Amino acid sequence: MLKRFYTALFCCGLIAPGWAQDVAIVIHGGAGTILKANMTPEREAAYVAALQEAVQTGYKLLKDGAKGEEAVVAAIQVMETSPLFNAGIGAVYTFEGQHELDASIMHGGTLNAGAVAGVKTIRSPIAAALAVMEQSPHVMLSGKGAEAFAESIGMKPVKNTLFNTERRYKALLKAKERILNANVPYGGQQGNERFGTVGAVVLDQYGNLVAGTSTGGMTAKRFGRIGDSPVIGAGTYADNESCAVSATGHGEYFIRFHVAADICSRMKYRNDTLADAANTVINDVLVKAEGDGGIIAVDAKGNIAAVFNTAGMYRAQIDTQGNLKVGIYQQWINE
C-alpha cells in the first residue's frame, strides 16, 4: 500500500524523480533449435547487434522515465523491423503465401490488455495492440476488423509484401513440399517452423510491470491459425503483484497450459520465486506435455528469468544494476 502511495505521488510530480525505483528489461527474439554449429560468425554478430539495440532502446526509455508500455513497444519495434526475427518484416509465410501477424501487450498495474490477431496490413502489430488497450474498450481485435480499427486511429495500412523476405519464402517452399507430399490437411510443421516470436518485459520507474509479444506465427499455417502470442494468459501476462511474462514456443501448448499466467499465479498464490515458477512451468509442466519453447520474465523486485527447454533462445537483458547480457545458446554469450 505504501509503495503504491509513493508511486502515485511520483507520477503526479509531488515527490522528486530521484525516488524512482530501479528499472529492468528483458527481451527475446524466439526460441528453437538454435545451434552454434549452424550459425556463421557474421549471422551471430547480426543477432547480437539486433538484440543489443532492442534491449538498449527500451532501457534508455525506462531510465528517462518513460512508462513501461512505451519501452516494451519500442524494444519490440526494433525487432519487428529486423528481417532476422519472425515478427513484422521477416515474419514467416502462411500456406497461401501471405503474412498474418499477431501481437499483445498487458499492463500489470491496471491489468488492462490489448491484442491483435491475424492482421495483414498493420506495419507494427505491437503498436496496434497498445492502441487496442488504450483506445478501445476491447482486449482483442482480429483480421480486417483490427485493420479497420488501426486505420481509424491514424495507422496507415501497408502492403502485405512489406513483410517479405527471401529466407522465409524458402522456408515456406520447403515446408509446403513436405506437407503436400505427406497429404496432411493441417499441421505438419517441424522444428523451428512451429514457432518464432519476439517479446519484451519491463519493470518501470513507477513500479509497473508490462509485457508484450509479437509474431508472424507458424510457417505454412492454414485456416487462420492463431497461436499464443495474442492470447492474454498464454503468450503474454503481467500483474504487479507477481511478474510480467512473454512467451515463445509451440503456441498450442502455451495456450493449453496458459503458460504466462500460470507462472504469475504460482508466484502470487504459492509464493514461489520467479525462478522456481518459470522453471517448473517450462522444464516440468511443458516438458511432460512435449511442449517446446521458453519465456522471459521480470518480477516486482526486478528479478529476471529467461528460461527455455529448447537448444537456444535469442535474448538480452539489462538488470536493475545496469548490467547487460546477451544470449543465443544455452549460455549467455558474455558470461
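Residues numbered from 1 in each chain as written. Predicted model: local features only at pLDDT ≥ 70, side-chain atom pairs only at ≥ 80, totals over all residues. Heavy atoms only, no water.

Comments concerning the pattern of salt bridges
For the structure on display, the rule yields nine salt bridges. Among the salt bridges present, the one from Lys170 reaches Glu166, with a minimum N-O distance of 3.3 Å. Here Lys170 pairs with Glu166, and both are found in helix α6 (residues 166–182), just four residues apart, close to one helical turn. For Lys170, a relative accessible area of 53% corresponds to the exposed category. Accessibility expressed as a relative area gives 59% for Glu166, which makes it exposed. The residue Lys288 makes a salt bridge to Asp284 at a minimum N-O spacing of 3.0 Å. With Lys288 and Asp284 both in helix α9 (residues 274–288), this residue pair falls four residues apart, about one helical turn. Salt bridges linked by common partners bring Asp239, Glu241 and Lys268 together as one network. (Salt bridge = Lys/Arg side-chain N within 4 Å of Asp/Glu carboxyl O. Helix = DSSP H or I, 4+ residues; strand = E, 2+ residues; numbered from the N terminus. Buried < 20%, exposed > 50% of the residue type's maximum accessible area, 1.4 Å probe, protein only.)

As for helix α4 (residues 125–135)
Most of α4 is tucked away: nine of the eleven residues are buried. Burial in α4 covers these residues: Pro125, Ile126, Ala127, Ala128, Ala129, Leu130, Ala131, Val132 and Met133. In this fold, the buried residues of α4 make contact with α3 (68–80), β2 (101–107), β3 (113–119), β4 (140–142), α5 (143–152) and β6 (209–215). (Contact = heavy atoms within 4.5 Å.)

Concerning the packing of aromatic side chains
Summed over the entire model, instances satisfying the criterion amount to four aromatic pairs. Ring plane angle 75 degrees and centroid distance 5.6 Å describe the contact between Tyr47 and Phe85, whose orientation is recorded as edge-to-face. Taken as a pair, Tyr47 in helix α2 (residues 41–63) and Phe85 in the loop between α3 and β2 lie far apart in primary sequence, 38 residues in all. Looking at Tyr47, the relative accessible area reads 2%, which means it is buried. Judged by relative accessible area, Phe85 falls into the buried class, the value being 1%. (Phe/Tyr/Trp six-rings, centres within 6.5 Å; stacked < 30°, edge-to-face > 60°.)

Concerning the nonpolar core
When a protein is soluble and globular, its nonpolar side chains tend to lie buried together. Formed by 53 residues in total, the largest nonpolar core has its most connected members in Ile25, Ile27, Phe85, Ile105, Tyr314 and Ile328. With eight residues, α2 is the single largest residue contributor to this core. Beyond its immediate stretch of four places on either side in the chain, Ile27 contacts Leu51, Ala54, Val55, Ala75, Met79, Gly199, Ala200, Ile296, Tyr314, Arg315 and Ala316. The next biggest cluster of nonpolar side chains, apart from the first, holds 21 residues, and it includes Val245, Ala247, Ala277 and Ile282. (Core = buried A, V, L, I, M, F, W, Y, C linked by side-chain atoms within 4.5 Å.)

Quick word on the sheet that holds strand β9 (residues 293–299)
What the four strands build is an open sheet, ordered β7-β8-β9-β10; its pairing is antiparallel. On the outer flanks of this sheet lie β7 (236–238) and β10 (304–308), each paired with one strand and no other. Averaged over all adjacent pairs, the angle separating strand axes in this sheet is 10 degrees, with direction ignored. Of the pairings in the sheet, the one linking β7 to strand β8 (residues 243–249) comprises three bridges and is antiparallel in character. Bridge pairing links Tyr237 to Val245 in β8. Helix α8 (residues 259–270) contacts β7, β8 and β9 of the sheet and is inclined by roughly 145 degrees relative to β8. Contacting β8, β9 and β10, α9 crosses the sheet at an angle of about 15 degrees to β10. (Pairing = 2+ DSSP bridges. Axes fitted to C-alpha atoms, helices over the stretch in contact; angles between N-to-C directions.)

What about unusual backbone geometry?
One non-glycine residue with positive phi stands out, namely Asn183, at about 55 degrees. Looking at where Asn183 falls in the secondary structure, it is placed in the loop between α6 and β5 (197–203). The phi dihedral of His258 is positive, around 30 degrees, even though this residue is not glycine. Locating His258 in the fold gives a position in the loop between α7 (251–256) and α8.

None of the figures reported here should be taken as evidence of function without further support.
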